[in-house]
Amino acid sequence: MSASTRIAEVLAGSVPVGTKATIEGWVRTRRDSKAGLSFVAIHDGSCFDALQVVAPAELPNYQTDVVRITTGCAVRAIGEIVASQGKGQSVELRADSIEVVGWVDDPDTYPMQPKRHTPEFLREVAHLRSRTNIVGATTRVRHTLAQAVHRFFHERGFFWIHTPIITASDAEGAGQMFRVSTLDAANPPRLPDGKVDWDKDFFGKEARLTVSGQLNVESYCLAMSKVYTFGPTFRAENSNTRRHLAEFWMIEPEIAFADLAADAQLAEDFLKFIFRVLLDERKDDMAFFEKFVDPECVKRLTAMIETKFTRMDYGEAIKILEKSGEKFEFPVKWGIDMQSEHERYLTEKVVKGPIAVVNYPKDIKAFYMRLNDDGKTVAAMDVLAPGIGEIIGGSQREERLEVLDARITEMGLHPKDYWWYRDLRRYGTVPHAGFGLGFERAIQYATGIENIRDVIPFPRAPRQAEF
RNA sequence: UCCGAAGUAGCUCAGGGGUAGAGCAGGCGGCUGUUAACCGCCGGGUCGGGGGUUCGAAGCCCUCCUUCGGAGCCA
């Protein structure tokens, strides 16, 4: 590997014509010419395009190896980078040697053919689907966006906090959780009343996989000032849709000495930054998505980057919807949790651009969101975008202990379950705010890929954990 | 979980009571500085599983499984 050249460098022109190079990768197609040469398209994942390797019949292993190469073979080709005589590419590698490092032992049943596959089929061969154009492109986009996330926060003085995956506090309150246990499921230790004795379990109490790092990251926010989490989260909901996963990655920044307005500005700056990086750095892959997956994707990202996000009060949004004359499936009135039809109407028809809707009724929002002076609303925000609806949800957090306790109780929860979270309000409390973004949804938004299971390497969903 | 649709060759699909088809892929041959090439020949299927109806089922009925889309929940 170390001595080889990546195809991205060759195709970018970083390797001058006339230079000798070693290329290592996997074969996409082979075409023979009886004029005495074969064309082997090689892919190494470094960029969208394959490199054409020209193999002359004079190669000693031409008859024994080269003409037996099929799609999927791993090869090492050594030769000179030359200007191409053909039309499809500017440069190619004229091979002095081609070594087949790994054969495809049964080409007849090798699943990855040089043609378009359905995404459903590719999910059944998730261990091989990274060899396709679409999954390769998605993988590079995912990587680039992830790097952009870290770059955005790092450049602004945020610290990346590794919040725990396993949590024993049953207090995150964001949906069904997966249990983590070392007890014998068939025969767990029991208390006299027949209930499972969790005191005997690994952590001495019930433990689960996290559904959000927010509560933990708040504690670091109230010391480090600007922090974020970026890691896997888990939901044991039996939801089978193209927008849900049981395991997904979430980005949750948290800023101290900040209010909702600062939070909304952070969200806007954040989205614009990561999508600008994507458009700048993955032109090849985005051109592919634009051509074969979603003709609107580049236009959509460009518009988001260039448009100032509108700020709109929830009450104002409801009034606009009520006066719209539009027939909605779900009726509109103050107090409702807006459906996606409402959100899309606002962002696509009214504003025709991204909106941050703020100050939602307290009854439809979480206990930790800061109560506004009107006593009816909380300092929550949703960022809505054309073509998708809600992309970010966030809030200013309730920093006043009495108000927080009242809200916890009001929601039927118990303050003692939140003792350490409450401590943050007892010792040097400060206004702070943050938001959450589902990373896979951002990738869907950027690429237009419809099913979320195709933007994560090995999707976890109900009844799906084969790979 | 609910509603709807679909499971036939390695892949994409046609066939809808009378004994299994095409294109692509694969093998062999031809042709060409080729471009997910083109032409010819060949191999390849428990028609998702089980049960039933029938002289006869891939097809009709029942049931289960799986997948997809929508809804709910949400990120």
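Structural data are supplied above this passage.
Let us look at the structure shown here. (Residues numbered from 1 in each chain as written. Chains lettered and ligands numbered in written order. Predicted model: local features only at pLDDT ≥ 70, side-chain atom pairs only at ≥ 80, totals over all residues. Heavy atoms only, no water.)

A few points about the pairing of strand β10 (residues 226-234)
And step 1. The element β10 is largely enclosed, with a buried count of 7 among its 9 residues.
And step 2. In this sheet, β10 lies alongside strand β6 (residues 159-160) in parallel orientation, the contact comprising 2 bridges. Paired with Phe 159 across the strands is Val 227, a residue of β10.
And step 3. By the bridge criterion, 9 bridges tie β10 to strand β11 (residues 247-256) in an arrangement that is antiparallel. The residue bridging Lys 226 from the neighbouring strand is Ile 255, located in β11. (Buried < 20%, exposed > 50% of the residue type's maximum accessible area, 1.4 Å probe, protein only. Helix = DSSP H or I, 4+ residues; strand = E, 2+ residues; numbered from the N terminus. Pairing = 2+ DSSP bridges.)

A closer look at the packing of helix α3 (residues 133-155) against helix α5 (residues 260-281)
And step 1. In contact at an axis separation of 9 Å, α3 and α5 are set at 135° when each is read in the N-to-C sense. Looking at the two axes, α3 sits oblique to α5. The two elements α3 and α5 cross, and the hand of that crossing is right-handed. In this structure, α3 contributes Val 141, Thr 144, Leu 145, Ala 148, Val 149, Arg 151, Phe 152, Phe 153 and Glu 155 to the contact, and α5 contributes Leu 266, Asp 269, Phe 270, Phe 273, Ile 274, Phe 275, Val 277, Leu 278 and Glu 281. (Axes fitted to C-alpha atoms, helices over the stretch in contact; angles between N-to-C directions. Parallel < 35°, antiparallel > 145°, perpendicular 65-115°, else oblique. Left-handed = near helix turned anticlockwise from the far one by under 90°. Contact = heavy atoms within 4.5 Å.)

Some details on the side chain of Glu 254
And step 1. On the secondary structure map, Glu 254 appears in strand β11.
And step 2. Here Glu 254 falls in the buried class, since its relative accessible area comes to 1%.
And step 3. Within the structure, Glu 254 has its side chain in polar contact with the side chain of Arg 397 (distance 2.9 Å).
And step 4. Not counting residues within four places of it along the chain, the set of residues in contact with Glu 254 comprises Phe 158, Gln 214, Val 217, Glu 218, Cys 221, Ser 225, Lys 226, Val 227, Arg 397, His 432, Ala 433 and Gly 434. (Polar contact = N/O pair within 3.5 Å; in protein donor to acceptor, adjacent residues only side chain to side chain.)

Some points on the protein's contact with RNA strand B
And step 1. Residues in contact with RNA strand B amount to 49 residues; listed here are only the nearest, Asp 32, Lys 87, Pro 114, Thr 241 and Arg 441.
And step 2. Considering the 4 Å shell around the protein, atoms of RNA strand B inside it are sugar or phosphate in 44% of instances.
And step 3. A distance of 2.9 Å separates a base oxygen of RNA strand B from a polar atom in the side chain of Gln 85.
And step 4. One nitrogen or oxygen atom from the side chain of Thr 118 is found 3.0 Å from a phosphate oxygen belonging to RNA strand B.
And step 5. Of all the elements in the fold, those that place two or more residues in the surface near RNA strand B are β1 (20-33), β2 (37-43), β3 (51-56), α2 (119-124) and β11.
And step 6. For the surface near RNA strand B, the element with the highest residue contribution is β1, accounting for 4 residues.
And step 7. A class-by-class count of the residues in the surface near RNA strand B yields 12 nonpolar, 21 polar and 16 charged. (Near = heavy atom within 4 Å. Nonpolar A, V, L, I, M, F, W, Y, C, P; charged D, E, K, R; others polar.)

Some words on the sheet that holds β11
And step 1. Strand order in this open sheet of 8 strands is β6-β10-β11-β16-β15-β14-β13-β12, and the pairing throughout is mixed. For this open sheet the edge positions go to β6 and β12 (310-313), each flanked by a neighbour on one side alone.
And step 2. Contacts from helix α9 (residues 340-350) reach β12, β13 (355-361), β14 (377-385) and β15 (389-396) within the one sheet, and its direction differs from that of β14 by about 65°.

Regarding the environment of Gln 339
And step 1. Among the structural elements, Gln 339 can be located in the loop between α8 (314-323) and α9.
And step 2. Using a relative accessible area of 30% as the deciding quantity, one classes Gln 339 as partly exposed.
And step 3. C-alpha of Gln 339 to C-alpha of Met 224: the two residues are 115 residues apart in sequence and 36 Å apart in space.

Looking at helix α6 (residues 283-292)
And step 1. Among all positions in α6, only Asp 285, Met 286, Phe 288 and Phe 289 are buried. Taken end-on, α6 shows its buried residues confined to a sector of 155°, consistent with a single buried face. Exposed side chains of α6 directed beyond 90 degrees from the buried face belong to Lys 283 and Lys 291.
And step 2. The inward-facing, buried residues of α6 abut α3, α5, α7 (297-306) and α12 (439-447). (Arc of directions from axis to C-beta.)

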